[in-house]
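# Residue-level structural notes
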Amino acid sequence: MNPVEIGYSAAFSLLPKLPRGVTWPLFAAAAASGHRAYRRGKAGKGTATLARNLRRVVGEEMPEAQFEALVGRALRSYARYYLEAFRLPGRSREQILASFRLERGELLGQNHAAGIGSVVALPHAGNWDAAGAWVAANGWPITTVAERLKPESVYLKFLAFRRSLGMEILPLSGGERPTFDVLEERVRAGAVVPLLADRDLTPRGVDVEFFGGRTRMPAGPALLALRTGAPLYVVDMWFDADAAAGHLYGPVEMPGPDEGALDARVRIVTQRVADVFAEGIARHPEDWHMLQRFWLDEPAVSTVA
């Protein structure tokens, strides 16, 4: 077992059992260490990429001292995401419901009660695992997709972790059936289908404009909504002092057949999703956990931790 596997195994087994007062200081210290390295110009690749992405969001006009403070808050937010996500399996239904607030979230329950599925596009912001656990704790069926991680043992641990919270998890690839076919079935049966949708730099991604630059985002949410007729919502997510939080926007307006072929309509809807993401990230930049290359016109960060 390599160090990555050992670390994740310890996190999954120990963090749900330990008081937050014991574990948070360790996570906060790790975030502070990363911030100090950034201020000294010795940031690791992830922190350097996060900072570059945040600078694109807030613009060059933000003074450097303010920006350094923003990077520090972003690292603390990222540490908080991991700690609170790993602690979810040890929490009761009541604690899970209290630890996440979704403004207009009742629409998802109303849709399910009416036999209508909901497609939800989420950014890598706030705590998306808490959001999924909150949906399941409300008693609404939820199906989502997980990318296969390496090593396989880590992927399997994340799979078991999310399934233990009441979510149906489909592999992005390598499943018994095509993943999109299963998602269509679940939506038509009235399930909530949340999909992380703010980054897909592969050729499959849809080109969008985002904070003045060009990037690609997944076609899945738009295509699923257009194929099934289900409402598509977009969530803005962040952290409040006492809980993870979000706001449900939408349904996103769908273009009609007269506005082009299906691929053209997917591009229109994906840009609309991107625009809502941008508004939310601009309001809560410190809670956007994007530590990977994001814009197509920027090279990968070469800094080594």
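Structure: see above.
Below: a short report on this structure. Here the structure is a predicted model, which means the values were calculated and not measured.

## Looking at the overall build of the chain
Secondary structure assignment for the chain yields 11 helices and nine strands. Taken against the 2.2 N^0.38 rule, which gives 19 Å for 305 residues, the C-alpha radius of gyration of the chain at 19 Å falls within 12% of a compact globule. Seen through its principal axes, the chain has C-alpha atoms that stretch 55 × 45 × 35 Å. Residues classed as buried in the chain amount to 53% of the 305 residues present.

## Examining a nonpolar patch on the surface
Together, Leu14, Leu18 and Val22 line one region of the surface with nonpolar side chains, adding up to about 250 Å² of accessible area. Tracing the backbone shows Leu14 in helix α1 (residues 3–14). You can call Leu14 partly exposed: its relative accessible area is 46%.

## Points about the sheet that holds strand β1 (residues 100–103)
Neighbouring strands of a sheet are bound in pairs by backbone hydrogen bonds; such pairs are parallel or else antiparallel. Read across the open sheet, the five strands follow the order β1-β9-β8-β2-β5; overall the sheet is mixed. Of all strands in the sheet, those with a lone pairing partner are β1 and β5 (192–196), marking the two edges. Direction aside, neighbouring strands of the sheet carry axes that sit 25° apart on average. This element, helix α7 (residues 128–137), spans β1, β2 (118–122), β5 and β8 (232–239) of the sheet and lies at about 80° to β1.

## Let's talk about the layout of surface pockets
The space that makes up the second largest pocket amounts to roughly 220 Å³. What lines the second largest pocket is simply Tyr8, Phe27, Ala30, Ala31, Gly34, Thr47, Leu75, Tyr78, Ala79, Tyr82 and Phe86. Elements with a contribution of two residues or more to the lining of the second largest pocket: α2 (20–39) and α4 (64–87). Of all the elements, α4 adds the most residues to the lining of the second largest pocket, at five residues.

## Considering the pairing of β1
Residues Phe100 and Leu102 line the buried face of β1, whereas the alternating positions Arg101 and Glu103 sit on a face that is not buried. Pairing of β1 with strand β9 (residues 244–249), which is carried by four bridges, proceeds in the parallel orientation. Residue pairing for β9: Glu103 is matched across the bridge by His247.

## Details of empty space enclosed by the protein
Taken as a whole, this structure holds two cavities of 30 Å³ or more when the rule is applied. Lining the largest cavity are Pro123, Ala125, Val235, Asp236, Met237, Val276, Phe277, Gly280, Ile281, His284, Asp287 and Trp288. At the level of secondary structure, the elements contributing two or more residues to the lining of the largest cavity comprise β8 and α11 (262–283). Residue contributions to the lining of the largest cavity peak at four residues, all from α11. Residues that form the lining of the largest cavity fall into these classes: eight nonpolar, two polar and two charged. Taken as a whole, the second largest cavity holds about 40 Å³ of empty space. Along its surface, the second largest cavity is lined by Ala121, Ala197, Met217, Pro218, Pro221, Ala222, Thr270 and Val273.

Conventions adopted
- Note on numbering: residues in each chain are counted from 1, in written sequence order.
- Totals for whole chains, interfaces and linings use every residue, but because this is a predicted model, local features are given only for residues with pLDDT of at least 70 and side-chain atom pairs only at 80 or more, for both listing and counting.
- As a rule here, side-chain values come from all non-hydrogen atoms in the structure, and water together with hydrogens is ignored.
- Numbering goes from the N terminus for both helices and strands, where a helix is a DSSP run of H or I of at least four residues and a strand is a run of E of at least two.
- Note on method: radius of gyration uses C-alpha positions; expected globular size equals 2.2 Å times residues raised to 0.38.
- When a residue's accessible area, from a 1.4 Å probe over protein chains only, is under 20% of the maximum for its type it is buried; when over 50% it is exposed; and in between it is partly exposed.
- Excluding any residue in a salt bridge, patches collect residues exceeding 30% relative accessible area, merging like charges within 9 Å and nonpolar Val, Leu, Ile, Met, Phe, Trp and Tyr side chains within 5 Å.
- In short, Shrake-Rupley with a 1.4 Å probe defines the accessible areas, and a residue's cover is counted only from the protein chains shown.
- A pair is scored as a salt bridge if a Lys or Arg side-chain nitrogen falls within 4 Å of a carboxyl oxygen belonging to Asp or Glu.
- Strands were regarded as paired on the criterion that DSSP finds at least two bridges between them.
- Only the contacting stretch of a helix is used when fitting its axis, a line to C-alpha atoms as for every element, and angles between N-to-C directions run 0 to 180 degrees.
- For this analysis, residues touch if any pair of their heavy atoms sits within 4.5 Å.
- Using only the protein atoms, space was sampled on a 1 Å grid; points where a 1.4 Å probe fits but cannot get out form cavities, open sets with protein on both sides within 12 Å along at least five of seven lines form pockets, and lining residues are those with an atom within 4 Å of a point.
- Grid points are joined across faces, edges and corners, and a volume is the space filled by probe spheres set on the points.
- The nonpolar class holds Ala, Val, Leu, Ile, Met, Phe, Trp, Tyr, Cys and Pro. Asp, Glu, Lys and Arg form the charged class, and all remaining residues, Gly among them, are polar.

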